[in-house]
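For reference, the chains in residue letters:
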Amino acid sequence: MSNYIRVCDVEKYYGNKSNVTKAVDRVSFCVEKGEFVGVMGASGSGKTTLLNMLATIDRVTAGHIYYENTDITELKEDELSEFRKKNLGFVFQEYNLLDTLTIEENIILALTIQGGKKQEIRQECDQILRLLGIVDIREKFPYQVSGGQKQRCACARALVNHPRLLLADEPTGALDSRSAQTLLETFTDLNQTMGATILMVTHDAFSSSYCNRILFLKDGKIFHELVRGDKPRKIFLQEILDVLSLTGGELSDVR
Amino acid sequence: MFGKLAFRNMKRSARDYLVYILTMTVVTALMYAFNSLIFQNDVNQYFELEAIMEVMIGLATFFIVLIVAWLINYMVRFMLEKRSGEFGIYLLLGMKKKMIARIYMRENILLGGLSFLIGLVFGILLRQVLLAVMFSMVRMEYHLKISFHYWTILMTILCYAGCYLLALFRCKRKFKKMNIHDLMDEKRRNEEIKENGEGFKRLFLPLSILFILSFWAVFSGLSNAGEIALFLIGLVVTIYLFYMGLSAWIICYVRKKGNRIYQGQNLFLLRQFASKVRTMQFTMGTLTALFTLALMGASIALMFSDYENTVLEEKFPFDIQVNSVEPMDDFADEIEVIEENTEVQKLYSYQIYTDNQNQVNSWMVTHLRAWGTMYQNKDGSPNAKKIEKMLESEGVYCTYDTYMGITDYNELREMLGYDKTAINDGEYLVHIKPRLYEEVKDIGKDLQIADATGEGKLSCAGVFREPFSQDGHNGGDYVVVVPDQVLERMTPYYAELAADIKGEAPLGLNKKLDALTDDEGRDSTSHVVPELEGNSCCGSDNIISYAAVNLVRDNLIPEVKFMLASLIIPLFYIGLVFVCVAVTVLSVQQLSDSAKYKFRYDVLAKLGLEREQIHRLIRKQLGAYYLCPAALAIIISGKMILSMSKGFVIMTGVPVISSSFFVKSIALFFGIYAVYYVVTYIGFVRNVDEKGR
C-alpha cells in the first residue's frame, strides 16, 4: 500500500447529542501519487464533507488523514494554513476567482503569497497560462470571460504552485457541456503530462468517466469502487451508469 | 403581512447597519442637546445678548440637516442597491412596485424612528453635560435638572424628519425607474471594473498634487475674495480629480507589473483599494470635503477656547474700570453707584495725558507685525499722510500719543499687586500689552521724548508688560510713563477711574454703570461703547476685541465667555456631526463589503494565508481606506488652519505655538476615527471569519 495519501476510518458528525447526522461514516481509502480519483454520490452523501476534510477546511470527528507521513488531523490552525499553502490546490464550482484582479493577476497572487522572485513568478505564470490556453485573456477581468475560461484560470491558479494534491469540487457544475469537456480533458492532460494528483468530487457520471478510479459514496459510506484500467472511456461510463442505476442514481445526468 | 415583512427586514437591516444606527442616534442626541440651547437655555437668562447663540446654532443646524440628509440618502440608496436582488424577487412574485416602495419606506422610517427614540434619551442626558460645561465656562453653578421641552423635541423632530424627507424623496424617483432586470442585475453591475482611459486619467494625480502644492505656496498671499473663491473652487475640483487619478495611477502600476506587486499580498491590496476608490471616487471626495470642514471648525473652536482660557483672564486686571472722554470728569455718579453696590477697598481716578503728537502711534503702525508694511513708504520710512488718516478714522489708537504720570502708574501697580517701580527725572518707560512685548521691546531706541523743560531728551528705562487694561483705558496697546513734572507741559486727554473692591462684584453692576449714559452708542450686548474718535480708542486687538466704556470684570468675563461659547459650541457641533457622518459612510461601506465579498478572504485562506495574515491584510486595507480621505483633508486644511492660527496668535496674543490648534484638532479627530476604525475592524473580521452563510 502506497502511503501518498491515506484516509483512515474518518468520521464526521454534525449536530448535538440528541440529533446527530453522520455525514461521513468510517471511510478509509488511499490515493496513489499521480492518480486521478473521482468521488461520486447523490446530494447529501457526504462527498463534499469528505473533500473539505481532505482540504483541511473542515476537521474530522474521528480518524486520521495522512499526507505521506503528516497526519493533518493533528496539525494546529497555523500549521494547517502553512500545509495548505505548500501542498494543496483548489478548484471549485463557483470558480472563486478574485473579481478585482485580472486572470493573470489571480495567478500571480497565488505565487506571491508563497513568496518568490519576480522573475520566477513571471516565468511560472507565463508557463501555466500557456499550458491551460488562457494566454489571450490574461489581461481580462473574470467578469469579462466565459465560465470555462474562468474555471481554467482557477485550475491554473491551483496548479501553479505544483501542489501534491489538486482538489476539485464539482468543477464542471456551472459549465456548459462543451466547456466541461475541455476542462476535463485539461485535467486528464495535467494528470498525464505533469503527473498531478487529482481528487474530484462530482455527481455527474460523464465527468467522473475521465477518472482512473471512482469511489461511490452513499449515506457517508463507500459502497463501491470502480477502476478504469485500460478500458476506453465510453465503456467506463457505461459501468458507472450501471452502478448508479443499481443505487437508483441520477440517470438524468447521462449526456 | 406587509407590516410584518417591513418589521422583519428592519430587524435584519438594523443588525447589518449597526454603525449607521449608532450615528443616527448620536446625531439625534446632538441635535436635541444643541436645539435645547435655543429654547431652554438656562444660561441665556443672565445675559442680554441678542440671541447670538440661537442664530449660530440655527445656522449650524441648517448645514447639519443638509449633511445628515445626504447620509440618509446615501444609506437608503446603498441598502437599496444591496437588496435589489430581493426586491427583484418581490416583483417577480407579483408584488406591485408601489407596494415594495412602501414597504421599503416603512422599513426606513422604522429604522429612523428607532434611532430617534434612543437618541432622544441620550440627548436629554447630553443636554445636562452640555449645560454643565457651559455653566462652568461662565463660572456659574449648575444644578442638575432633567427637563423635557416640547419646543425642543418638536424642533428636533422637524430637523430629523426634514433630513428623511429630503433623502427619501430622491430615493423614490430611483424606485420608479427600476425594472426587474435592473434590480436583479444591480449587484452584478457593481462588481464590474471598467478600465478605459487610465493612462489619461492618471495624469489627474500629479495635476492635483501640483495644485495642492501651489495652494500651499500661494494661499497666504491671496488677498482679494475673487482669488480666494477661485482657489477654493479649484480645490474642490482637485479633491474629486485626485481620487480618479489615484485609482488610475494604481491600476497603471499594477498593469505595468511594478516590482511592488510581487511582494506578499500587495497585489490584492492595491487592486482592492484601486477598485474601491474607483467606484467610490465621488463619495470619497465628499468625505474629504467633510473632513476638511470638520478639521477647520474644530481648529477655530480650539483657538477661541484657548483664548478664553488664557488671554481673557488678563483682559480685565482691574475689578472695575470706567473711562470718560471728559478729561476733567470727577466720576461722581459712577462712584455713587459703585459704593452703593459694593464694598470698595480703593477708588482711584486719574488722567491720561497727551503731547499732541503721534510719534509713538506712528512707530507702532510701522513696526508691528499686524500691519506689516501697510503704512510704510517704499523705502521703509513711515508714510505720515496715511498714518494720520488712519489714526483719525480707525480708532485703533487715539489721534495723539498717550502718556501717564509715574505717581498714577505706581498707584495702579499697587492696586493690581505688582511691585512699584521708580524712574529718574530724565527717564521714561513704556507699558505694553503682553502679546506685543517681543515686537516693542526695542522701542526706546527710536523714541524722542522731550523732558520737562522741553529741551533735553528722556531716555528709556524699560518696557513693562503686565496685564494693564490697555484696550482703550490705559492707552491703546501702550502707554508711555513719564516723570510727573513732564506732564506739566502736556494736556489732559481723557479721564479714568479704577476701583478695587472686596469680594466679587454683584451681577448687573455693569448694566447699572451703563445706565448712567444715554442710550446712544450701545453695542449688541447693550453696553456703552467708546466712540473711537479723537481721544478714545480700542487698541490693535483683532478677531476678538472688547472695548467698552465701563468694565466690571466679574460681570464681563462670563459674558465674553458666553459670547465665545456661542461660537465655539456650534463649531464643535458641526465638526462632530461631520466627522461622524463621514466615518459612518466609510464604515458601512467596508462592513457591507466584508459580507458581500467574504469569498475573497475565503479564497485567500484557501491559497494558504493564515488567519493572522488575513487579519493583518484587513487592517492594512481598512487603514488605507480610512487614511486616504483623512490625509488629504489634513493636507488641504493644514494650510488654511496654519495661516489662520498664525494670524490668530499674532492678533490675540494667545501664548501658544500656532500649529498647536491644528495638532490638537487632528488628535481629537483621530480619537473619533480610531473608535470607528476599531468597531469596523471587529465587525469586518467577524463577518469574514464567520463560517457558512
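Scroll up to find the structure.
What counts as what
Residues numbered from 1 in each chain as written. Chains lettered and ligands numbered in written order. Predicted model: local features only at pLDDT ≥ 70, side-chain atom pairs only at ≥ 80, totals over all residues. Heavy atoms only, no water. Helix = DSSP H or I, 4+ residues; strand = E, 2+ residues; numbered from the N terminus. Buried < 20%, exposed > 50% of the residue type's maximum accessible area, 1.4 Å probe, protein only. Lys, Arg positive; Asp, Glu negative; His and termini not counted. Charge placed at Lys NZ, Arg CZ, Asp CG, Glu CD. Pairing = 2+ DSSP bridges. Axes fitted to C-alpha atoms, helices over the stretch in contact; angles between N-to-C directions. Salt bridge = Lys/Arg side-chain N within 4 Å of Asp/Glu carboxyl O. Contact = heavy atoms within 4.5 Å. Buried area = accessible area lost by both parts, 1.4 Å probe. Nonpolar A, V, L, I, M, F, W, Y, C, P; charged D, E, K, R; others polar. Phe/Tyr/Trp six-rings, centres within 6.5 Å; stacked < 30°, edge-to-face > 60°. Core = buried A, V, L, I, M, F, W, Y, C linked by side-chain atoms within 4.5 Å. Expected span 1.5 Å × (residues − 1). Arc of directions from axis to C-beta.

A. Spotlight on the overall build of chain B. Looking only at helices and strands, chain B features 21 helices and ten strands. Counting only C-alpha atoms and orienting by the principal axes, one finds that chain B spans roughly 105 × 60 × 45 Å. Across the 693 residues of chain B, 55% fall into the buried class. Averaging the locations of the 71 positively and 73 negatively charged side chains of chain B gives two centres separated by 26 Å.

B. The sheet that holds strand 10 (residues 221–227) of chain A, seen in detail. Residue and element names in this part refer to chain A. On the basis of which strands lie adjacent, the open sheet formed by six strands has the order 6-7-8-3-9-10 and mixed pairing. Looking at strand neighbours, the two that pair on one side only are strand 6 (88–92) and strand 10, the edges of this open sheet. Each strand axis lies, on average, 20° off the axis of its neighbour in the sheet, ignoring direction. Across five bridges, strand 6 lies against strand 7 (residues 165–169) in parallel orientation.

C. Representation of the pairing of strand 3 (residues 36–40) of chain A. Residue and element names in this part refer to chain A. Within strand 3, five of the five residues are buried, leaving the element largely enclosed by the surrounding structure. Side chains of strand 3 alternate between two faces, with Phe36, Gly38 and Met40 and Val37 and Val39 buried alike. Of the pairings in the sheet, the one linking strand 3 to strand 8 (residues 198–202) comprises five bridges and is parallel in character. If you follow Gly38 over to strand 8, its bridge partner there is Met200. Judged from the four bridges that link them, strand 3 and strand 9 (residues 213–218) form a sheet pairing that is parallel. By the bridge assignment for strand 9, Val39 is matched with Leu215.

D. Spatial organisation of the pattern of salt bridges. Under the counting rule described, the total for this entry stands at 32 salt bridges over all chains. Measuring nitrogen to oxygen at the nearest pair gives 3.6 Å for the salt bridge that ties Arg369 of chain B to Glu439 of chain B. Highlighted residues: Arg369 of chain B in the loop between helix 13 (359–367) and helix 14 (384–393) and Glu439 of chain B in helix 16 (residues 437–440), separated in sequence by 70 residues. Residue Glu439 of chain B is classed as buried on the basis of its relative accessible area, which comes to 18%. Residue Lys441 of chain B pairs with Glu438 of chain B through a salt bridge whose shortest N-O separation is 2.9 Å. Taken together, the shared-partner salt bridges in this structure form one network comprising Glu104, Asp126 and Arg138 of chain A together with Lys257 of chain B.

E. Examining the interface of chain B and chain A more closely. Between chain B and chain A, the contact holds 31 residues from the first and 31 residues from the second. Overall, the association of chain B and chain A removes approximately 2900 Å² of surface from exposure, summing both partners, and the carbon and sulfur fraction of that is 61%. Across the contact surface, chain B and chain A share three salt bridges. With a closest N to O distance of 2.8 Å, Asp99 of chain A and Arg600 of chain B form a salt bridge. Secondary structure elements with two or more residues in the side of chain B that touches chain A: helix 11 (266–315) and helix 19 (598–606) of chain B. When residues in the side of chain B that touches chain A are grouped by element, the largest group, six residues, is from helix 19 of chain B. Residue classes in the side of chain B that touches chain A are distributed as 13 nonpolar, eight polar and ten charged.

F. Region of interest: the packing of aromatic side chains. All names here are of chain B. For the structure shown, the criterion picks out 35 aromatic pairs over all chains. Ring centres of Phe200 and Phe204 lie 5.8 Å apart, and the angle between their planes is 65°; on these two criteria the pair is classed as edge-to-face. The class for Phe200 is exposed, based on a relative accessible area of 56%. The class for Phe204 is buried, based on a relative accessible area of 16%.

G. Structural view of the nonpolar core. Core analysis: the largest hydrophobic core is formed by 185 residues, its most contacted members being Phe187 of chain A together with Tyr20 and Leu604 of chain B. When near neighbours in sequence (up to four residues on either side) are disregarded, Phe187 of chain A contacts Phe36, Cys155, Leu166, Ala168, Pro171, Ile198 and Met200 of chain A.

H. Region of the structure containing helix 9 (residues 204–218) of chain B. Residue and element names in this part refer to chain B. With 15 residues, helix 9 should cover 21 Å at 1.5 Å per step; its first-to-last C-alpha distance of 20 Å lies within 8% of that length. Those residues of helix 9 not exposed but buried are Phe204, Leu205, Ser208, Ile212 and Phe215. Buried residues of helix 9 fall within an arc of 105° about the axis and therefore sit on the same side. Exposed positions of helix 9 whose direction lies more than 90 degrees from the buried face are Leu207, Leu210, Leu213 and Ala217.

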